[in-house]
Amino acid sequence: MSASSLNRRRILSLWLPRLPIDRIRRFFSNVGLDKGKAFSSEVDAGSREENASKQKDEPSIVVIKDNNALVIHALDEAAERLGLHIGLPLANARAMCPDLKVFDADVVADAKTLSDIADWCDRFTPLVALDPPHGLFLDITGCAHLFGGEAALLQTLVRALARQGFAVSAAIAGTSVCARTLTRQASGTIVADGREAAAISALPVSALGAGEAITTGLRRAGLKTIGDVASREPHEITARFGARFFTLLAHALGHGDAPINPRKPLPDYIVEKRFAEPIATDTMIAMTLSRLADTLIASMEKQGKGARRLEAAFFRTDGVVRAIMVETGRPVTRSAVVDRLFRERLDALADPLDPGFGFDMVRLSASRTEIVVQEQRDLDAHVHDNDEIAALIDRIAARIGGKRVVVHLPQDTHIPECAVLAAPAQHHLAVAMQAAWPARAESEPPLRPLRLFEKPEPIKVPFATVPDGPPHQFTWRRAQHSVARVEGPERIAMEWWQDGKQLTRDYFRIEDAEGLRFWIFRDGLYEGECFDKEGKPIPPNWYVHGLFA
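Residues numbered from 1 in each chain as written. Predicted model: local features only at pLDDT ≥ 70, side-chain atom pairs only at ≥ 80, totals over all residues. Heavy atoms only, no water.

Some remarks on helix α5 (residues 107-121)
- An ideal rise of 1.5 Å per residue puts 21 Å on 15 residues; α5 measures up with 21 Å between its terminal C-alpha atoms.
- All buried positions along α5 are accounted for by A109, D110, T113, L114, I117, A118, D119, W120 and C121. (Helix = DSSP H or I, 4+ residues; strand = E, 2+ residues; numbered from the N terminus. Expected span 1.5 Å × (residues − 1). Buried < 20%, exposed > 50% of the residue type's maximum accessible area, 1.4 Å probe, protein only.)

This is the structure:
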C-alpha cells in the first residue's frame, strides 16, 4: 500500500487504560475532601501522594460479569506485575494472589468520569469526541499553535491527567485510527502528515483493535505486524478478513479516515478569556462576561447576524466545568441584552455558581445565530411593543426556564382538550400574535371554559330526564349539586380517522342552585355506544371537564 495521504486533519487520541481502577482509587483518595474536587488538579499533592503510596503495593482489580462468570475488567500496575490480565477469571486471579483487592465494575460511573474529562478537554478544542469505553478524540486542527505546538499540547494534556491520578496514553496523527493505534503501543508519538504507514508498520496487529478473532487469524497466517498485513494485496485481506477490517487498516495507514463524532455541535461564534490568576468574585465574573459579550456581538455584527442561543462556560482550575445557557426569541444584536440575560440567569440558579479555587478560563459562544432583518422602528409603534414583549419573555425565561413561558395556539379540531397547543413563547410569539381565534358574541357568556381540567373528572349522575338529556343532580368530589339551569347539549363526535374507538360526547353548561357553573359531558350514546360484555346497553359515564368563572 502507498503511504501517501492527503488528509490535513490533526487528531489527538487519549486512552485511559486503567480508567475504572483509577476512578475508584481517586474516590478513596478524595474521601474527606470537597465533593466538587471529583476532577481536581488542586487537591493537596501531599495527601494524594500519601494515599497513593499506601495503595501502590496493594494489587487491585475491577471485575465484571461475563457469561455468568466474574472476570477482570481493569487492573493496576501491581496486579499486572503479578501476571494478571484483563479477561482472567476471578477464581484464577485469587489463586495467583490471595490478597487481591476486588471491586465491582460500574460502567455508568466510568462513562460519567470519561464525560467529565471530555468537558475539561473542551478548553483545548471544541471538537471532542468519545472513543468508548476509555478513550477520547480531540480534533486539534488549526489550534495547536495556541498552546505552543503539538508537542507542548500533548505534554500539557498528559501531565494534567497524570496529576489527577489517571494512567494516560496519547498520540497525534493525521487520522483518528492511526492516532488510536499509536496510543496502544507508542504513547507520545507525533506523526507528521503522510507518515502514518511508516509510524505504525512495526506495531503488532493487536494495536489495531480489530477484535480477538481477527487478531488470532492474522497471527496464524504469519502476519504479526501491521507492516506485514499492509504488504499483502488488498483483495487478499478483504477476502480473508472482510471489508470492514480492510477499511480499518486503510484508515490506520492514512488512506482516508472516518469522521469523528463530536459530543457537541461546533458553535457559530466563540470568544474566550484566559487568566494567569484565577478569578472568583461575582464582580470579576460579571465584568468578564460583559467584555466577552462586546467582542461576540462585534464579531456577529460584521456578518449581519444576531444570537438566538448563547452559552457561557466556566472552567475551574480544579477541572470542573459549569455551563449556563440562555435563549432569546429574536436575534440579539446588543451586548447589554446579553449581559442582562446572563445576570438574570446567574441570579436564578438553584445551584449557585461555585468558583472553587477560581476560574482560569471563561468562554462565551453563540451556538445558534440568525441573519438580522432590519425593520422601520421610528414610526411603527407595534414594532416597539413587540420588542418589549419579546424582551420581557426572554428575561422571564432566563429566570425560570424557556419551557415554562408559553403561548397558546389554536388547533383545527373540535375536541376540547386538543383545541389549544401550549408552545414555548420564545419560539412562537410571532405566530401567536397573528393567530385567529373563534369570535365571541358580545354580551354572551363563553361557550367553553377558559381553562379545562388536565384530565376530565368523573361525576355520579343518579338519573337523567331522558336518556339523552341533562341530569337533575350530580355528585362531584363528594359534594352534591342540584341543577338549576341547563344549556345544551353540544354533541362532539370523535375523529374517526384516529386509532382506537372513542365515544361521542354530549356537553352541557350547568348552573347549580348556588350559582356555580360547570361544563359536563356524557361519554357515549345510550343504546348506541355503551354496552356490557354480554352486549346489553348500559348507562354511559359522566364527567366534568371544566368550570366557568
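Observations concerning the sheet that holds strand β9 (residues 305-316)
- Pairing is antiparallel across the open sheet formed by 4 strands, whose spatial order is β8-β11-β9-β10. Since the sheet does not close on itself, it has two edges, and those belong to β8 (269-279) and β10 (321-332), each with one partner. Strand-to-strand twist across the sheet, computed as the mean angle between neighbouring axes with direction ignored, equals 15°.
- As paired elements, β9 and β10 share 8 bridges and run antiparallel to each other. Residue pairing across strands places E311 opposite M325, the latter belonging to β10.
- Contacting β9, β10 and β11 (359-371), helix α16 (residues 425-433) crosses the sheet at an angle of about 10° to β10. (Pairing = 2+ DSSP bridges. Axes fitted to C-alpha atoms, helices over the stretch in contact; angles between N-to-C directions. Contact = heavy atoms within 4.5 Å.)

Observations regarding the packing of helix α7 (residues 176-185) against helix α12 (residues 243-252)
- Relative orientation of the contacting elements α7 and α12 amounts to 85°, with a least axis distance of 6 Å. Of the possible angle classes, the one that applies to α7 and α12 is roughly perpendicular. Taking contact as the criterion, the partners of V177, C178, R180 and T181 in α7 are, on α12, L248, H251 and A252.
- For the contact of α7 with α12, the class distribution of residues is 4 nonpolar, 2 polar and 1 charged. (Parallel < 35°, antiparallel > 145°, perpendicular 65-115°, else oblique. Nonpolar A, V, L, I, M, F, W, Y, C, P; charged D, E, K, R; others polar.)

With respect to the packing of aromatic side chains
- Tallied over the full model, the rule gives 13 aromatic pairs.
- Taking the centre distance of 5.4 Å and the plane angle of 75° together, the rings of W120 and F124 count as edge-to-face. Accessibility assignment for this pair places W120 and F124 in one class, buried.
- An aromatic cluster is built from F453, F474, W476 and F518, whose rings are joined through pairwise contacts.
- Taking NZ or CZ as reference, R477 lies 5.8 Å from the ring centre of F453, over its face.
- The aromatic ring of F521 is capped on one face by R505, whose charged end is 4.8 Å from the ring centroid. (Phe/Tyr/Trp six-rings, centres within 6.5 Å; stacked < 30°, edge-to-face > 60°. Lys NZ or Arg CZ within 6 Å of the ring centre and 35° of its normal.)

What about the sheet that holds strand β5 (residues 128-131)?
- The strand order β5-β6-β1-β7 describes an open sheet built from 4 strands, whose pairing is antiparallel. With partners counted over all chains shown, the strands left at the sheet margins are β5 and β7 (169-173), one partner each. The mean inter-strand angle of the sheet, taken between neighbouring strand axes irrespective of direction, is 20°.
- In the sheet, strand β1 (residues 11-15) pairs with strand β6 (residues 135-139) via 5 bridges, with the strands oriented antiparallel.

Notes on the layout of surface pockets
- The computed volume of the largest pocket comes to approximately 1,200 Å³.
- Forming the boundary of the largest pocket are 27 residues, of which V420, W437, R448, P449 and L450 lie nearest the centre.
- Put simply, the parts of the chain that give the lining of the largest pocket at least two residues each are β12 (406-410), β13 (420-424) and β14 (452-459).
- Element by element, the count of residues in the lining of the largest pocket is highest for β14, at 3 residues. (1 Å grid on protein atoms, 1.4 Å probe; cavity = no way out; pocket = protein on both sides within 12 Å on 5 of 7 lines; lining within 4 Å. Points joined across faces, edges and corners; volume = space filled by probe spheres on them.)

Looking at the confidence of the model for the protein
- Mean pLDDT for the protein: 86, with 90% of residues reaching 70 or above.
- Throughout residues 32-38 the model reports pLDDT below 50, and contacts reaching past four residues in sequence, or to other chains, amount to 10 contacts.
- Taken as a whole, residues 40-49 scores under 50 in pLDDT and shows 19 contacts with residues more than four places along the chain or in a different chain. (pLDDT = per-residue confidence, 0-100.)

Some details on the nonpolar core
- If you look at the biggest cluster of nonpolar residues, it comprises 29 residues, and the most contacted ones within it are L296, L310, F314, F342, V362 and L364.
- When contributions to this core are tallied by element, the ones reaching two or more residues are β8, α13 (282-301), β9, β10, α14 (335-347) and β11.
- In terms of residues, this core owes the most to one element, α13, which gives 7 residues.
- Leave out the neighbours within four places in its chain, and L296 touches Y269, I270, V271, L310, L364, S365 and A366. (Core = buried A, V, L, I, M, F, W, Y, C linked by side-chain atoms within 4.5 Å.)

Quick notes on the side chain of T288
- Within the fold, T288 resides in helix α13.
- With residues near it in sequence (within four places) discarded, T288 still touches K273, F275, I279 and V362.

A closer look at the pattern of salt bridges
- Inspection of every chain in the model, using the stated rule, returns 34 salt bridges.
- R23 serves as the salt-bridge partner of D110, at 2.6 Å between the closest nitrogen and oxygen. In this pair, D110 sits in helix α5 while R23 sits in helix α1 (residues 19-29), placing the two residues 87 residues apart along the sequence.
- Note that R368 is salt-bridged to E370, the shortest N-O span being 3.4 Å.
- The exposure class assigned to E370 is partly exposed, which follows from its relative accessible area of 27%. (Salt bridge = Lys/Arg side-chain N within 4 Å of Asp/Glu carboxyl O.)

Considering the pairing of β7
- By the criterion of burial, β7 is predominantly enclosed, with 5 of the 5 residues buried.
- Covered by surrounding structure in β7 are S169, A171 and A173 together with A170 and I172, the residues of both alternating faces.
- Inspection of the sheet shows β1 paired to β7 by 5 bridges, in the antiparallel sense. Pairing of L14 across the sheet is with A170, part of β7.

Let's talk about the packing of helix α11 (residues 234-241) against α12
- Orientation of α11 relative to α12, taken along the N-to-C sense of each, is 135°, at an axis distance of 7 Å. By the criterion of interaxial angle, the relationship of α11 to α12 is oblique. Residues P234, I237, T238 and F241 of α11 pack against A243, F245 and F246 of α12.
- Across the contact of α11 with α12, the residue classes tally to 6 nonpolar, 1 polar and no charged.

A closer look at the environment of I400
- With respect to the helices, strands and loops of the structure, I400 is situated in helix α15 (residues 381-400).
- Among the residues examined, I400 registers a relative accessible area of 41% and is labelled partly exposed.
- Considering only alpha carbons, one finds I400 and L349, 51 residues apart in sequence, at a separation of 9.1 Å.

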